[in-house]
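# A closer look at the structure
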Amino acid sequence: MKIGFISLGCSKNLVDSEKMMGMLRSGQHELVSNAQEAEAIIINTCGFINSAKEEAINTIFKMAEYKKQNCKRLIVVGCLAQRYKDELKKDIPEIDAVISIKEYPNLHEILKEQLDGKDLISYNKVERLVSSKPWTAYLKIAEGCSNRCTYCAIPLIRGGNVSFSIEHIVEEAKKLAQRGVKELVLIAQDTTKYGVDKYGKRSLHEVLKRVHEIEGLHWIRVLYMYPDEIDDELLDEMAKLPKVVPYFDIPMQHASNRMLALMNRRGKQEDVLALTKKIRDKFPDATLRTTFIIGFPSETDEDFAELMNFVEEVKWTRMGGFTYSPEEDTPAYHMKNGVAEEVKQQRLETLMKRQEEISLENQRAMIGKVIEVLVEDQEGLTGKYRGRGKSSAPDEVDGMVVFTSDRAIPFGSFVNVRITEALPHDLIGVEEC
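A short tour of the structure in this document, coming up. (Residues numbered from 1 in each chain as written. Predicted model: local features only at pLDDT ≥ 70, side-chain atom pairs only at ≥ 80, totals over all residues. Heavy atoms only, no water.)

## Some thoughts on the sheet that holds strand β13 (residues 318-323)
Our working rule: DSSP bridges decide pairing: two strands pair if at least two such bridges lie between them. Helix and strand assignments follow DSSP, with helices taken as H or I runs no shorter than four residues and strands as E runs no shorter than two, numbered in order from the N terminus. Axis definition: a line fitted to C-alpha atoms, over the contacting stretch in the case of helices. Angles run 0 to 180 degrees between N-to-C directions. We call two residues in contact when some of their heavy atoms are within 4.5 Å.
Strand order across the open sheet formed by three strands is β11-β12-β13, with parallel pairing between neighbours. In this open sheet, the two edge strands, each paired with only one partner strand, are β11 (247-249) and β13. On average, each strand axis in the sheet is tilted by 10 degrees relative to the strand beside it, whichever way the strands run. Sheet contacts for helix α13 (residues 301-314): β12 (287-294) and β13; angle to β12, the most-contacted strand, approximately 170 degrees. Each of β12 and β13 is contacted by helix α14 (residues 341-364), which is oriented at about 175 degrees to β13, the strand it contacts most.

## A few points about the nonpolar core
As a reminder, the rule being used: Residues enter a nonpolar core if they are buried and are Ala, Val, Leu, Ile, Met, Phe, Trp, Tyr or Cys, with the set joined through side-chain atoms within 4.5 Å. The rule is simple: take the accessible area with a 1.4 Å probe, protein chains only, and divide by the maximum for that residue type; under 20% is buried, over 50% is exposed, in between is partly exposed.
Ranked by size, the top nonpolar core spans 54 residues in total, and within it Leu186, Leu208, Phe248 and Phe292 carry the most contacts. With near-sequence residues (within four places) excluded, Leu186 lies in contact with Leu139, Ile141, Thr191, Leu204, Val207, Leu208, Ile220, Arg221, Val222 and Leu223.

## What to know about the packing of aromatic side chains
Test applied: To pair, rings of Phe, Tyr and Trp, with the six-membered ring standing in for Trp, must have centres within 6.5 Å; the planes then decide the type, stacked if under 30 degrees apart, edge-to-face if over 60, and tilted in the middle.
Counted by the stated rule, this structure contains nine aromatic pairs. Between Tyr104 and Tyr123, the aromatic rings sit 5.1 Å apart at their centres with planes inclined by 45 degrees, giving tilted as the arrangement. Highlighted residues: Tyr104 in the loop between β5 (97-99) and α5 (107-114) and Tyr123 in the loop between α5 and β6 (136-140), separated in sequence by 19 residues. In this pair, the class of Tyr104 matches that of Tyr123, namely buried.

## Some points on empty space enclosed by the protein
Put simply, the test is: Put plainly, a pocket is an open set of points on a 1 Å grid over the protein atoms alone with protein on both sides within 12 Å along at least five of seven lines, a cavity is a set where a 1.4 Å probe fits but cannot get out, and a lining residue has an atom within 4 Å of a point. Grid points are joined across faces, edges and corners, and a volume is the space filled by probe spheres set on the points.
For the structure on display, the rule yields four cavities of 30 Å³ or more. As a volume, the largest cavity reaches approximately 80 Å³. If you go around the largest cavity, you meet 14 residues; those closest to its centre are Tyr226, Pro227, Arg265, Arg266 and Gly267.

## Topic: the pairing of β13
We count it as follows: Look down the strands so they point away from you; if going from the first strand over the helix to the second traces a clockwise path, that crossover is right-handed.
Bridge count between β12 and β13: six bridges; the pairing is parallel. Of the residues in β13, the one forming a bridge with Phe292 is Gly321. Crossover β12 to β13 through α13 is right-handed.

## A short note on the environment of Lys118
Mapped onto the elements of the fold, Lys118 is located in the loop between α5 and β6. By relative accessible area, which is 37% here, Lys118 ends up partly exposed.

## What about the environment of Glu103?
Mapped onto the elements of the fold, Glu103 is located in the loop between β5 and α5. For the pair Glu103 and Val77, spaced 26 residues apart in sequence, the C-alpha to C-alpha distance is 9.6 Å. Among residues more than four places away in sequence, those in contact with Glu103 are Lys85, Val98 and Ile110.

## Focus: the side chain of His212
Relative to the helices and strands, His212 resides in helix α9 (residues 204-212). In contact with His212, not counting residues within four places along its chain, are Ile220, Leu241, Pro242, Lys243 and Val244.

## Considerations on α14
Filter applied, for reference: How far a helix is expected to stretch is found by multiplying one less than its residue total by 1.5 Å.
Its 24 residues place the ends of α14 35 Å apart at the C-alpha level, agreeing with the 34 Å of an ideal helix rising 1.5 Å per residue. Those residues of α14 that fall on the buried side of the exposure criterion are Lys344, Arg347, Leu348, Leu351, Arg354, Gln355, Ile358, Ser359, Leu360 and Gln363. Structurally, α14 contributes buried residues whose contacts are with β12, α13, β13, β17 (414-422) and β18 (427-431).

And the structure:
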């Protein structure tokens with residue numbers, strides 16, 4: 001069958017989608033990008049926050065229109081399917097199947113029945129169909145989360161943290177490297193908790209050592225690191241491994257200790273200040289990235305001012321923010337003293353405006369330096385190349401490096417670029433020959 005596949009949400013969801021697409025390929029199904037050609041459409045949904053749920057619902061309704069044409073089966077999987085399975089089946093009758101995450105071990109049998117009866121390789125054994133650029137791939141090292149932040153529904157959807165074995169991770173990393181992957185991005189809801197459930201201790205540094213040995217990999221990046229679990233052992237090991245990029249994605253969510261306690265976030269503001277100083281002392285070229293939730297219940301002007309002072313002191317390399325949205329079945333859902341939407345938006349705008357100024361200051365400090373860049377694209381009109389330095393993850397959140405060169409450069413190559421100009425998010429330069 002001709003099947004259209006839509007993957008929404010985070011990179012962890014993308015890995016699930018790639019496994020499903022590999023499963024479909026194993027049954028000789030044809031994946032198509034034009035929904036009008038599709039005889040079946042599968043949507044892997046996100047259900048993390050309201051905006052993600054709205055995007056998923058809107059996508060389902062949009063794809064349901066194709067059932068009036070060529071599409072015979074509309075199938076919904078993923079986080080929204082896990083959380084609202086009964087409601088989706090009841091409220092959107094155009095959907096033919098809603099498959100929850102807990103059903104993934106039997107997904108090959110379910111899809112076999114829903115599609116044309118052809119046998120499929122099981123979800124846990126299939127080889128992924130990597131859908132990102134061929135030189136970059138995400139590798140999930142654990143599933144679920146055990147942190148129980150009061151605002152977050154992920155543990156309700158995905159369950160507690162379950163680490164995959166080091167052997168499994170290394171095997172998949174080798175396969176990806178053999179297929180041409182040069183940048184490997186390790187992901188989980190909490191990568192720094194890796195191994196606690198399986199080996200009785202934090203073991204991310206052991207994964208990094210093993211993966212670092214794999215021939216063909218050039219950059220190894222880690223996302224989603226919790227501040228209270230970044231210990232000296234991990235930092236020391238990262239410093240010994242030249243392939244491991246000094247990129248620290250530390251989702252803080254807030255800086256006020258009162259807010260952090262209400263969010264059930266471990267660690268205090270002063271601990272994170274000490275951690276960021278320690279990281280920068282050990283890695284002078286470290287990238288520090290974070291996210292903040294604005295307008296959590298009972299957030300006061302004083303709490304927000306504390307957050308702004310914290311941002312001023314750390315001067316994060318990369319920073320994102322979003323306003324709080326209540327998630328049913330979480331402890332924060334029933335918290336009183338909610339913050340008005342207009343106040344949330346005003347605070348978010350103030351925060352992001354100041355961060356843009358800080359980003360520009362950080363970027364200007366790069367002028368005159370030579371950095372390594374992974375070349376990914378070329379502008380058709382100008383001929384300029386576009387790529388990413390070590391300070392930019394491949395999730396389309398961080399900035400790009402735009403540069404000129406006198407030669408033709410294959411995409412997926414690493415080159416040295418001298419920075420000549422800085423924008424708040426992007427850098428401009430010329431290839432250093």
